[in-house]
Structures are given as structure tokens and as C-alpha cells.
Amino acid sequence: MGAVKFVGPLLFFVTSLFCMVNSYPDLDLSHIGCNECALKKNDFFSRDKPVYQCKGCCFSMAYPTPHWIKKLMMNPKNITSEAACCTARSSELVKVQNLMVRNHTECYCDTCIYHKI
């Protein structure tokens, strides 16, 4: 009988939680904890003057490879993925304590290098 008293409130809590999460259909949870692609100051190299790096998230997606496409592949894969990475559009070389470092000046989302291969 004690177990029934415990399961009732637990079931109510789980149902309520599900209803709350389901009531936000436009909520995109894929980028939680990852900011938009932008220039960020690199604290390690920014000693004499500020040095910036491109950091952040763009887009990635994985889905099952259609059967007819797998037949055309040299090395068939079950999962196909697409991704765009935060990349520097332009940069300039700066000298930081006898070390040449690239200071990014503009960022954008582009195809990741490992997806071009």
C-alpha cells in the first residue's frame, strides 16, 4: 500500500513535467550551452593587444541514409550527416611575444573541413 502512495505523486509529477515541456513547441533545445558563431576575445593571447577567435555553433544534422543512395556509395554508410562550422572569413597575422598568431576579423558558418573530404 505504501508503494501506491509513492507512485501516485511521481506519476502526477512526470505527467505535469511532460505537459510543460510539450507546451513550448517553438523551443529549440539544440543550441543550449552553445552561443552563436561570433568573434570572441582569446584571453590567453590577449596580453599586449586583443586577439580574437571565431567561436560558437552553427548547424549540424544527422539522418538515416536512403537505401537508393547507399547503393551508389563506394563505402556505404547508414548515417549521413551535414554540418557547418564557425570559420574565419578574414584574419591577419599579429605578433604576440615573438609568436605569430592569426587574429580573426570576421566569422561565418561554412561547411566543416572534415565534411569536405
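Right above here is the structure, for reference.
Overview of the structure. Please read all numbers here as calculations on a predicted model, not as lab measurements.

This part is about the side chain of Ser46. As for its position among the elements, Ser46 is in the loop between strand 1 (38–41) and strand 2 (52–55). Ser46 sits in the buried class, given a relative accessible area of 15%. There is a polar contact of 2.5 Å between the side chain of Ser46 and the backbone oxygen of Asn42. Within the local environment of Ser46, its side chain forms a polar contact with the backbone nitrogen of Val51, the two atoms lying 2.9 Å apart. Beyond its immediate chain neighbours, meaning those up to four positions away, Ser46 contacts Lys41 and Val51.

Right, let's talk about the nonpolar core for a bit. Core analysis: the largest hydrophobic core is formed by six residues, namely Cys37, Cys54, Cys58, Ala84, Cys86 and Cys107. Setting aside residues up to four positions removed in sequence, Cys37 forms contacts with Lys55, Gly56, Cys57, Cys58, Cys86, Thr87, Cys107, Tyr108 and Cys109.

Turning to the pairing of strand 3 (residues 59–64), a few remarks are in order. Summarising burial for strand 3: zero of the six residues are buried, a small minority. The pairing of strand 3 with strand 4 (residues 79–96) spans six bridges and is antiparallel. Within the sheet, the bridge partner assigned to Ala62 lies in strand 4 and is Ser81.

With that settled, the discussion passes to a nonpolar patch on the surface. Taken together, the side chains of Phe6, Val7 and Leu10 define a hydrophobic patch exposed on the protein surface, amounting to about 310 Å² of accessible area. On the secondary structure map, Leu10 appears in helix 1 (residues 2–22).

Cut-offs applied
Each chain carries its own residue numbering, running from 1 in the written order of its sequence. Only residues with pLDDT of at least 70 are given local features in this predicted model, and only at 80 or more are side-chain atom pairs given and counted; all residues enter the totals for whole chains, interfaces and linings. Hydrogens and water molecules were not included; the side-chain quantities draw on all heavy atoms of the structure. Runs of H or I in DSSP of at least four residues are treated as helices and runs of E of at least two as strands, each being numbered from the N terminus. A simple rule labels every residue: compare its accessible area, found with a 1.4 Å probe on the protein chains alone, to the largest value its type can have, and call it buried under 20%, exposed over 50%, or partly exposed in between. Pairs of N or O atoms are called polar contacts if they sit within 3.5 Å, as long as, within protein, a hydrogen donor faces a hydrogen acceptor (for residues adjacent in sequence, only side-chain-to-side-chain pairs). Note on contacts: a residue pair qualifies if any of its non-hydrogen atoms lie within 4.5 Å across the two residues. Only buried residues count toward a nonpolar core, which is a set of Ala, Val, Leu, Ile, Met, Phe, Trp, Tyr and Cys residues joined through side-chain atoms within 4.5 Å. Here, any two strands with at least 2 DSSP bridges between them count as paired. Note that patches include only residues with greater than 30% relative accessible area and no salt bridge, and the join distances are 9 Å for like charges and 5 Å for nonpolar side chains (Val, Leu, Ile, Met, Phe, Trp, Tyr). For the area figures, the Shrake-Rupley method with a 1.4 Å probe applies, and any residue is considered shielded solely by the protein chains shown. Salt bridge criterion: a side-chain nitrogen from Lys or Arg within 4 Å of a carboxyl oxygen from Asp or Glu.

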